[in-house]
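One-letter residues, chain by chain:
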Amino acid sequence: MSNPVDFSSIPIIDLNLVNIGKKDQLLGELKHALLHVGFFYVKNHSIPQSLLDRAKDLAVQFFDSPQEIKDKSDKILSSSFLGYSKQGFETTKGKKDNREQYDFGDEIDIDFKPGMPEYFKLYAPYQWPSDEDVQGFRSTYLDLLENYKKLALQLTELVALSLGLPADAFDKYFEKDHQNRAKVIKYPSISELDPNDGDQGVGPHKDIANLLTLLYQANDLPGLQVQNHAGEWIDATPIPGTIVINIGTGLETLTSGLTVATTHRVLNPPPGRGPRFSIPYFLSVRLDKPFGVIDLPDKYDYLKDREVVSDTDGQFKELFLNNLSKAMLLNRIRSHPDVGFKYYPELAAEIGVNENTKF
């Protein structure tokens, strides 16, 4: 059945409600956001604004660097899919994304050797901009990773409680050697692009396999849009002092679709407004064993037959519960075929990526 009333705005949840004795109100608002929207802002969060400001300033400095400086940390130098991507070097559903980015993640001390699971290659070292080129880049973004993780784990407990589960219900989906990832992105304005490039900063998609995404919109420019369940696009306007949260397909799958990973996209900023910067963080799940779905209370069963319109596909969704590591690798190979072909040729061939693929 379709939704008689669909969301037309993104809710804002005040985490300070916990501190003033209104935790039940917070959990109620969060439950509504999880079951009916899939996106929400949080305010009064724990990440210092000074750290976010410093990260944004360093992003500007890095992306304004000469191309030869940025190329020192190109993704092609590592099997991890972490590092720098040039403008237009990522695709969504086969169409070029007009964005420049640097991906980074928790540094895991695992040296891949033959016979290990192939996904261990994702933990390979990758190149950071040096302090000589961008002073403090690595230390600042590793600090931001830790702060994001602290907030993400707080939110994970609140998500569990709001759904009527124990606070530690999601702990079993993490492992000792666990890598969460993030990226800092520059979306150039339309006036900086070739007229044939269009305005797709990143095309319609769901965040694959992670539980939650946390996003800092680093400047006051439009672009992020969320597709409601009737198929309409809703602006997720930057709000000072907030972090945007959305559900990944991991949480959607674990809850049998009761919490929906909402489709979203980013449009390049209007002409003359300058570039948009954003810093998303992806709270992922363990890759070493299959999952079973979470047993949610029967009172949510009425949501199982609802219709959700989406401009994206369920890519690799069938692999989540039985071979998540393969799903993760195929997703990254599809987005970054040059890295995929170099380090994962057999998997790349499964989705048609070979020496004739245009990188």
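Within each chain, residue numbers correspond to sequence positions counted from 1 in written order. In keeping with the predicted nature of the model, local features appear solely for residues at pLDDT of at least 70, side-chain atom pairs appear and are counted solely at 80 or more, and the whole-chain, interface and lining totals rest on all residues. The side-chain figures draw on all heavy atoms in the structure; neither hydrogens nor water molecules are used.

The protein chain appears in an unreviewed UniProt entry as 1-aminocyclopropane-1-carboxylate oxidase from Smittium culicis. UniProt positions are given in the numbering used here, feature names are shortened, and annotations may be inferred rather than shown by experiment. As its UniProt record puts it under Sequence similarities (unreviewed entry), the protein chain is described as follows: "Belongs to the iron/ascorbate-dependent oxidoreductase family."

*Asks:* Pulling in residues and values, what's your account of the environment of Tyr173?
*Replies:* Looking at the element boundaries, Tyr173 is found in the loop between helix 4 (137–162) and strand 7 (181–187). Not counting the four nearest positions on each side in its chain, Tyr173 is found in contact with His178, Leu254, Val285, Arg286, Phe291, Gly292 and Ile294. In this description a helix means any DSSP run of H or I spanning at least four residues, a strand means any run of E spanning at least two, and both kinds are numbered starting from the N terminus. Contacts are residue-level and defined by heavy atoms, with any inter-residue pair within 4.5 Å sufficient.

*Asks:* Describe the pairing of strand 8 (residues 200–205), listing the residues and the values that go with them.
*Replies:* Working note: regular strand, side chains alternate between the two faces of the sheet. Between buried and exposed lies partly exposed: a residue is buried under 20% and exposed over 50% of the maximum accessible area for its type, with that area taken using a 1.4 Å probe on protein chains only. By the criterion of burial, strand 8 is predominantly enclosed, with six of the six residues buried. The pairing of strand 8 with strand 13 (residues 264–267) spans three bridges and is antiparallel. Along strand 13, the bridge assignment pairs His205 with His264. By the convention used here, strands pair only if DSSP detects at least 2 bridges between them.

*Asks:* Tell me about empty space enclosed by the protein, residues and numbers included.
*Replies:* A 1.4 Å probe that fits into a set of points on a 1 Å grid over the protein atoms alone but cannot get out defines a cavity; an open set with protein on both sides within 12 Å along at least five of seven lines defines a pocket, and lining residues are those with an atom within 4 Å of a point. Grid points are joined across faces, edges and corners, and a volume is the space filled by probe spheres set on the points. Scanning the entire structure with this criterion turns up one cavity of 30 Å³ or more. If you go around the largest cavity, the residues you meet are Lys206, Gln227, Asn228, His229, Val260, Ala261, Thr262, Thr263, Val308, Val309 and Ser310.

*Asks:* Run through unusual backbone geometry, naming residues and quoting values.
*Replies:* If you check the backbone angles, Asn44 has positive phi at about 55° while not being a glycine. Inspection of the secondary structure puts Asn44 in the loop between strand 2 (39–43) and helix 2 (49–63). Unusually for a residue other than glycine, Phe81 sits at a positive phi of about 65°. Within the secondary structure, Phe81 sits in the loop between helix 3 (67–70) and strand 3 (83–85).

*Asks:* Describe the sheet that holds strand 2, listing the residues and the values that go with them.
*Replies:* The strand order 1-2-12-9-14-7-6-3 describes an open sheet built from eight strands, whose pairing is mixed. Two strands close off the open sheet at either side, each with one partner strand: strand 1 (12–14) and strand 3. Taken over all neighbouring pairs, the strand axes of this sheet differ in orientation by 25° on average, direction set aside. In the sheet, strand 2 pairs with strand 12 (residues 242–247) via five bridges, with the strands oriented antiparallel. Opposite Phe39, over in strand 12, you have Asn246 as the bridge partner. Along the sheet, helix 1 (residues 23–36) contacts strand 1, strand 2 and strand 12; its crossing angle with strand 1, the most-contacted strand, is approximately 155°. Across the sheet, helix 2 lies against strand 3, strand 6 (100–105), strand 7, strand 9 (212–217), strand 12 and strand 14 (276–283), angled at about 120° from strand 14, the strand it touches most. Inter-axis angles, ranging from 0 to 180 degrees, are taken between N-to-C directions of lines fitted to C-alpha atoms, where helices are fitted over the stretch in contact.

*Asks:* Provide a residue-level description of the packing of helix 1 against helix 4, including the pertinent values.
*Replies:* Helix 4 packs onto helix 1 with a crossing angle of 85° between their chain directions and a minimal axis gap of 9 Å. On the basis of the axis angle, helix 1 is roughly perpendicular to helix 4. Judged by residue contacts, Lys23, Leu26, Leu27, Leu30, Lys31 and Leu34 of helix 1 engage Leu158, Val159, Leu161 and Ser162 from helix 4. Each residue gets one of three labels, nonpolar for Ala, Val, Leu, Ile, Met, Phe, Trp, Tyr, Cys and Pro, charged for Asp, Glu, Lys and Arg, and polar for the others, Gly among them. Residue composition of the contact of helix 1 with helix 4, grouped by class: seven nonpolar, one polar and two charged. Should an angle fall under 35 degrees it is called roughly parallel, over 145 degrees roughly antiparallel, and 65 to 115 degrees roughly perpendicular, with every other angle called oblique.

*Asks:* So, the nonpolar core: which residues are in play, and what are the values?
*Replies:* Note on terminology: a nonpolar core comprises buried Ala, Val, Leu, Ile, Met, Phe, Trp, Tyr and Cys residues joined through side-chain atoms within 4.5 Å. Counting residues in each nonpolar core, the largest one holds 90 residues, and the members touching the most others are Tyr141 and Leu214. Those residues in contact with Leu214 that sit more than four places away from it in its chain are Tyr148, Leu151, Ala152, Leu155, Ile243, Val244, Ile245, Ile279, Pro280 and Tyr281. Among the nonpolar cores identified, the runner-up in size contains 15 residues, and Tyr187, Ile234, Ala236 and Val266 belong to it.

*Asks:* Kindly report on the pattern of salt bridges, identifying the contributing residues and their values.
*Replies:* Salt bridges are identified by distance alone: a Lys or Arg side-chain nitrogen within 4 Å of an Asp or Glu carboxyl oxygen. A full pass over the atoms with the stated rule returns 15 salt bridges. A salt bridge links Asp143 to Arg54, with the shortest nitrogen-to-oxygen separation between them at 3.8 Å. A residue pair is termed long-range when its members are at least 10 positions apart, and Asp143 in helix 4 and Arg54 in helix 2 qualify at 89 residues. Owing to a relative accessible area of 37%, Arg54 belongs among the partly exposed residues under this scheme.

*Asks:* Could you give an account of the pairing of strand 9, naming the residues involved and the relevant values?
*Replies:* The element strand 9 is extensively covered by neighbouring structure, given that six of its six residues are classed as buried. Burial along strand 9 is two-sided: the residues Leu212, Leu214 and Tyr216 and Thr213, Leu215 and Gln217 are all buried. Here six bridges tie strand 9 to strand 14, and the two strands are oriented antiparallel to one another. Across the sheet, Gln217 pairs through a bridge with Ser278, a residue of strand 14.

*Asks:* So, helix 4: which residues are in play, and what are the values?
*Replies:* The terminal C-alpha atoms of helix 4 lie 37 Å apart, and with 26 residues this matches the ideal 38 Å at 1.5 Å per residue to within 8%. Just beyond helix 4, the residue with positive phi is Gly164, at close to 80°. For a helix, the expected span equals 1.5 Å multiplied by the residue count minus one.

*Asks:* Can you break down the packing of aromatic side chains residue by residue, with the values?
*Replies:* Between 30 and 60 degrees the pair is tilted, below 30 it is stacked and above 60 it is edge-to-face, where a pair is any two Phe, Tyr or Trp rings, Trp via its six-membered ring, whose centres lie within 6.5 Å. Going through the model one piece at a time under the given rule, you end up with 19 aromatic pairs. With centroids separated by 6.4 Å and ring planes inclined at 20°, the aromatic side chains of Tyr102 and Phe104 adopt a geometry described as stacked. When its relative accessible area of 0% is taken as the criterion, Tyr102 is described as buried. Both rings, one in Tyr119 and one in Phe120, keep their centres 4.9 Å apart while their planes meet at 75°; by these two values the pair is edge-to-face. Take Tyr119: its relative accessible area is 7%, and that puts it in the buried class.

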